[in-house]
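Residues per chain, in single letters:
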Protein chains: 2
Amino acid sequence: VGVPKIRWIYTGLRVRELPRSIRFYAKLGFRIAKRGRMEHGGSWVELAIPHSTHRLELNYYPPGTRFYERISTGTEFDHFGFEVDGIEEWAESLRRRRLPIVADFDGTTHRLVYVRDPDGNWIEFYGSAAPTRGRRRRVA
Amino acid sequence: VGVPKIRWIYTGLRVRELPRSIRFYAKLGFRIAKRGRMEHGGSWVELAIPHSTHRLELNYYPPGTRFYERISTGTEFDHFGFEVDGIEEWAESLRRRRLPIVADFDGTTHRLVYVRDPDGNWIEFYGSAAPTRGRRRRVA
C-alpha cells in the first residue's frame, strides 16, 4: 500500500476581523488567492505570497455559529518566519509605513525584525545584516 | 529600489515539551531538519515534510528564561491544512495508530479528518472521498 501523498498546503489563523487582517497581510505582500464561506456560517480567505507555495488561511467564525469561540490570547502560536534579501530596506519600509514593530535585534551578522498582526501574532523577518555599520541590540 | 525578495520559510509553534511534539509530528511524516539553542536559553527544532518546502518550527522556552510565558490556551491558531491523496487509507492509519482524532467529516465528495497535537492544536487532513460507499457526517 505505502504512505499516501500528503502535501502541507496552509497554516490557518483565527482572526477577530477579516478585512483588517487582509489589509495588514497585504502590506507584507500577501494577496487573496481564494475565499469562501463555510457551511456553518464562518468565512475564510486564502492568502498567497510570491516565492512560497504555502498559503495563509484566515478564518472568521461569527458569534453564534458552530465553531465560534470567545477570543482569548494563548501561547500556542509563536511566529511566522520570513527570510528577506535586503532586510535593512525592508525594516526601513516597515517603519516608514508605520507597521507595528515589536522587536528589532540588530546583530553583527543578522538582523531580526518582528511585527505583530492585528490579532497579536508575531511575524519575524530575518536576513543578513549590512556589514558596514556598527551594530547594537535594540528592542522597539 | 523595488520590493525585497521575501520568502515565507516557516510557521512556529510554542510547545510545552519538545520530545513529545517531535514524536507526534514524526507520526505525520515530519523529520528533524535542523535544531539549535537560542541565546536566551530556549530550544528550537525545524521539522520538514516531503512534498512541501514550508517548515514547522517547534520552540521551547524554559521557565525562567527571557521569552518564557506561562502556557495558556488561546484562539489565535486555528489549524494546519494537509491535502492527502488517499484520505481513506490515511484516516484508517491515523485510527489504527491511535492518533487523537477530534473530528471526522465524511461528505459526499470530500473527507476531512482532524487530529490534535500534544498542545491542543488541530491538524486538518482533507481529500476526495471514496465514491463507492454511503456517506454520513461523523464527529468522533
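Remember, it's a predicted structure, so these values are computed and weren't measured experimentally.

A word on the sheet that holds strand 7 (residues 110–116) of chain B. Strand order in this open sheet of eight strands is 2(A)-3(A)-4(A)-1(A)-5(B)-8(B)-7(B)-6(B), and the pairing throughout is mixed. The sheet is open, and its two borders are formed by strand 2 (31–37) of chain A together with strand 6 (101–106) of chain B, each paired with just one other strand. Shown here is a sheet whose adjacent strand axes are inclined to one another by a mean of 20 degrees, direction ignored. In this structure, strand 1 (residues 5–14) of chain A lies alongside strand 4 (residues 55–60) of chain A, joined through five bridges in parallel fashion. In the sheet register, Y10 of chain A faces strand 4 of chain A, and the bridge partner there is R55 of chain A. Contacting strand 1, strand 2, strand 3 (43–48) and strand 4 of chain A, helix 1 (residues 18–27) of chain A crosses the sheet at an angle of about 160 degrees to strand 4 of chain A. Set on the sheet, helix 2 (residues 87–96) of chain B makes contact with strand 1 of chain A together with strand 5 (77–85), strand 6, strand 7 and strand 8 (122–128) of chain B; between it and strand 7 of chain B the angle comes to about 25 degrees.

We now examine the side chain of D104 of chain A. Here D104 of chain A shows up in strand 6 (residues 101–106). A distance of 2.8 Å separates a polar atom in the side chain of D104 of chain A from a polar atom in the side chain of R111 of chain A.

In this complex, chain B contributes 54 residues to the contact, which on the side of chain A involves 54 residues. Both sides together, the interface formed by chain B and chain A hides about 4900 Å², and carbon and sulfur atoms give 52% of it. For the pair chain B and chain A, the number of links is six salt bridges. The partner of R7 of chain A in a salt bridge is E83 of chain B, and the shortest N-O contact between them spans 3.0 Å.

Once chain B is rotated about the relating axis by 180 degrees and shifted along it by 0.0 Å, it coincides with chain A to within an RMSD of 0.0 Å. The relationship between the two copies is best expressed as a two-fold rotation axis. Residue G74 of chain B of chain B places its C-alpha closer to the rotation axis than any other residue of that unit, at 1.8 Å.

Here the focus is a positive patch on the surface. Together, R23, K27, R96 and R97 of chain A make up a region of like positive charge exposed at the surface. Its place among the elements puts K27 of chain A in helix 1.

This brings us to the environment of A130 of chain A. Topologically, A130 of chain A is positioned in the segment after strand 8 (122–128). Through-space distance from the C-alpha of A130 of chain A to that of R111 of chain A is 8.6 Å; in sequence the pair is 19 residues apart.

For the rest of this paragraph, the subject is the nonpolar core. Formed by 58 residues in total, the largest nonpolar core has its most connected members in Y25, L28 and F125 of chain A together with Y25, L28 and F125 of chain B. Residues in contact with F125 of chain A, not counting those within four places in the same chain, are L28, F82, V84, I87, W90, L94, R111, L112, V113 and V115 of chain A together with I6 of chain B.

Tallying each qualifying case throughout the model produces 22 aromatic pairs over all chains. Ring geometry for F82 of chain A versus F125 of chain A: centroids 5.4 Å apart, planes at 35 degrees, classification tilted. Within this pair, whereas F82 of chain A is found in strand 5 (residues 77–85), its partner F125 of chain A is found in strand 8, the two being separated by 43 residues in sequence. Judged by centre distance (5.9 Å) and plane angle (80 degrees), the ring pair of F105 of chain A and Y114 of chain A falls under edge-to-face. For F105 of chain A, a relative accessible area of 12% translates into the label buried. Among the aromatic side chains, those forming a connected cluster through ring pairs are W8 of chain A together with F24, Y25, F30, F77, F80, F82, W90 and F125 of chain B. Above the face of the Y61 of chain A ring, R14 of chain A is positioned so that its terminal group lies 4.0 Å from the ring centre.

The next point concerns the sheet that holds strand 3 (residues 43–48) of chain B. Strand-to-strand pairing in sheets goes through backbone hydrogen bonds, with the strands running parallel or antiparallel. Taken in spatial order, the eight strands line up as 6(A)-7(A)-8(A)-5(A)-1(B)-4(B)-3(B)-2(B) in an open sheet, and their pairing is mixed. Edge strands, defined here as strands with exactly one partner in the open sheet, are strand 6 of chain A together with strand 2 (31–37) of chain B. Strand-to-strand twist in this sheet, taken as the mean axis angle between neighbours without regard to direction, amounts to 20 degrees. The pairing of strand 7 (residues 110–116) of chain A with strand 8 of chain A spans seven bridges and is antiparallel. The residue of strand 8 of chain A that forms the bridge with R111 of chain A is G127 of chain A.

Conventions we followed
Residue positions are given per chain, counting from 1 as you read along its sequence in written order. Starting at A for chains and at 1 for ligands, labels are handed out in the order in which the entities are written. Reporting in this predicted model follows two pLDDT cut-offs: at least 70 for local features of residues, and 80 or more for side-chain atom pairs to be given and counted; totals over whole chains, interfaces and linings ignore these cut-offs and use all residues. Values reported for side chains reflect all heavy atoms of the structure, with hydrogen atoms and water molecules removed beforehand. Note: two strands are recorded as paired if DSSP finds a minimum of 2 bridges between them. To qualify as a helix, a DSSP run of H or I must reach at least 4 residues; to qualify as a strand, a run of E must reach at least 2; elements of each kind are numbered from the N terminus. Between N-to-C directions, angles span 0 to 180 degrees; the directions come from axes that are lines fitted to C-alpha atoms, helices contributing only their stretch in contact. Only heavy atoms matter for contacts: two residues are in contact if any of them lie within 4.5 Å across the pair. Nitrogen and oxygen atoms within 3.5 Å of one another constitute a polar contact, given that in protein one can donate a hydrogen and the other can accept it, and given that sequence-neighbouring residues count only through two side-chain atoms. Throughout, buried area stands for the accessible area (probe radius 1.4 Å) lost by two parts on being put together, summed over both. Take a side-chain nitrogen of Lys or Arg and a carboxyl oxygen of Asp or Glu: if they are within 4 Å of each other, that pair is a salt bridge. Here the copies are superposed with least squares, the fitted atoms being C-alpha atoms of residues at a pLDDT of at least 70 in both. Within the patch definition used here, like charges are joined within 9 Å and nonpolar side chains (Val, Leu, Ile, Met, Phe, Trp, Tyr) within 5 Å, considering only residues with over 30% relative accessible area and no salt bridge. Accessibility throughout is a Shrake-Rupley quantity obtained with a 1.4 Å probe, and a residue counts as covered only by protein chains that appear here. Counted charges follow a simple rule, with Lys and Arg positive, Asp and Glu negative, and His plus the chain ends left uncounted. In plain terms, the charge of a residue is placed at NZ if it is Lys, CZ if Arg, CG if Asp and CD if Glu. What is meant by a nonpolar core is a set of buried Ala, Val, Leu, Ile, Met, Phe, Trp, Tyr and Cys residues, joined one to another through side-chain atoms within 4.5 Å. Partly exposed residues are those whose accessible area sits between 20% and 50% of the maximum for their type, while under 20% is buried and over 50% is exposed, using a 1.4 Å probe and protein chains only. Here a pair means two rings of Phe, Tyr or Trp (six-membered ring of Trp) with centres within 6.5 Å. Their orientation is stacked below 30 degrees between planes, edge-to-face above 60, and tilted elsewhere. Any Lys NZ or Arg CZ that is within 6 Å of a ring centre and within 35 degrees of that ring's normal is treated as a charge sitting over the ring.

This is a description of form; function is not addressed.
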